[in-house]
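One-letter residues, chain by chain:
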Amino acid sequence: MMSWFTSLFSSGQPATSSTPAEASTLDNRLLEEPAPKPQPAVETPSPVRTPAPAERQDRGKVILGAGIAFFAVSLLITRRAFARKRLAANPAFYANSPAHQADQAKKVSGAMEALEALNIATINVLSTSMIATGGAMWYFGINNMADARRVLRGGLGVDGTGKSEKEAEEDFEEWMATVLARKESKGPQQPQTNERGQPR
């Protein structure tokens with residue numbers, strides 16, 4: 001019964017030449033041999049690769065693109081709202097004008113129109129601010145807070161001109177001292193009066 005199965009694992013001899021005794025010994029030998037245990041695969045930790053500057057995602061471009069798409073959607077919403085209001089205000093060809101005006105007055109809801117106008121204005125302002133933020137981030141090369149600090153401190157002269165933060169603070173303190181000294185040198189100011197001569 002198992003001769004065809006053992007012929008698959010035999011050393012290439014045809015199954016017809018084997019006798020039943022040889023087949024049974026071969027079956028016993030196959031059953032007695034322990035199966036080789038699979039060795040556990042050792043996972044080597046892959047080294048953490050820092051992205052190169054060219055591979056780094058430019059968030060400014062992403063925000064700018066999202067802002068442009070959002071602005072296009074807001075323009076579409078605004079145009080549809082204006083068109084809907086304009087078409088609702090036009091009477092039908094055979095409509096009576098006073099009756100149409102009375103019918104329109106019943107349909108107008110000031111609160112709903114104010115809410116719709118607020119929603120449209122909010123969407124337009126948010127999309128415009130997204131475009132401005134994305135454009136500024138793309139122009140200045142800002143992708144995270146570290147880049148923003150670098151650009152800001154470079155503009156203040158802390159990083160770009162070789163000044164440290166302490167030197168920049170000392171310069172600011174000197175400037176404040178000169179401003180306060182100039183104010184004190186002018187002396188006490190006369191109280192200002194209004195047109196009636198009373199102090200303000």
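Residues numbered from 1 in each chain as written. Predicted model: local features only at pLDDT ≥ 70, side-chain atom pairs only at ≥ 80, totals over all residues. Heavy atoms only, no water.

Defined as follows: UniProt positions are given in the numbering used here, feature names are shortened, and annotations may be inferred rather than shown by experiment.
Naming follows an unreviewed UniProt entry, where the protein appears as Altered inheritance of mitochondria protein 11 of Exophiala oligosperma. Entered under Sequence similarities (unreviewed entry) in the UniProt record, the comment concerning the protein runs "Belongs to the AIM11 family." What UniProt records for the protein under Subcellular location (unreviewed entry) is the sentence "Membrane".

## With respect to the packing of helix 3 (residues 59–89) against helix 5 (residues 110–140)
When two helices pack together, you describe them by how their axes are tilted relative to each other and by the distance separating the axes. The cut-off we apply is this: A fitted line through C-alpha atoms serves as each axis, taken over the contacting stretch for helices, and the angle formed by two N-to-C directions is quoted from 0 to 180°. Helical segments are the DSSP runs of H or I of at least four residues, strand segments are the runs of E of at least two, and each set is numbered from the N terminus. Angular relationships are summarised with four words: roughly parallel below 35 degrees, roughly antiparallel beyond 145, roughly perpendicular across 65 to 115, and oblique for the angles in between. The sense of a crossing depends on the near helix, which, turned anticlockwise from the far helix by less than a right angle, makes the crossing left-handed and, turned clockwise, makes it right-handed. Basically, the charged four are Asp, Glu, Lys and Arg, the nonpolar ten are Ala, Val, Leu, Ile, Met, Phe, Trp, Tyr, Cys and Pro, and anything else, Gly included, counts as polar.
Relative orientation of the contacting elements helix 3 and helix 5 amounts to 155°, with a least axis distance of 7 Å. Between helix 3 and helix 5, the angle is such that the two are roughly antiparallel. Where helix 3 crosses over helix 5, the two elements pack in a sense that is left-handed. Tallied by class, residues from the contact of helix 3 with helix 5 come to 16 nonpolar, 9 polar and 6 charged.

## Let's talk about a nonpolar patch on the surface
Our working definition: Exposure above 30% relative accessible area and the absence of a salt bridge qualify a residue for a patch, where like charges join within 9 Å and nonpolar side chains (Val, Leu, Ile, Met, Phe, Trp, Tyr) within 5 Å. Residue-level accessible areas treat just the shown protein chains as cover; the underlying method is Shrake-Rupley with a 1.4 Å probe. The salt bridge criterion pairs a side-chain nitrogen of Lys or Arg with a carboxyl oxygen of Asp or Glu, the two atoms within 4 Å. Each residue's exposure class comes from its accessible area (1.4 Å probe, protein chains only) as a fraction of the maximum for that residue type: buried when under 20%, exposed when over 50%, partly exposed otherwise.
Among the surface-exposed residues, Phe 172, Trp 175, Met 176, Val 179 and Leu 180 lie close enough to one another that they form a single nonpolar patch of about 480 Å² accessible area. The class of Met 176 is partly exposed, set by a relative accessible area of 33%.

## Some details on the packing of aromatic side chains
Stated precisely, the cut-off is as follows: Each Phe, Tyr or Trp ring, with Trp reduced to its six-membered ring, pairs with another whose centre is within 6.5 Å; inter-plane angles below 30 degrees give stacked pairs, above 60 give edge-to-face pairs, and intermediate values give tilted ones.
Here the structure, examined in full by the defined rule, presents 2 aromatic pairs. With a centroid separation of 5.1 Å and 80° between ring planes, the pair formed by Tyr 139 and Phe 140 is classed as edge-to-face. According to the relative accessible area criterion, Tyr 139 is exposed, its value standing at 69%.

## A closer look at the UniProt feature "transmembrane region" (unreviewed entry) in the protein
Feature annotation in UniProt places "transmembrane region" (unreviewed entry) on residues 62–78, given in this structure's numbering. Helix makes up 100% of residues 62–78 and strand makes up 0%, while its end C-alpha atoms are separated by 24 Å.

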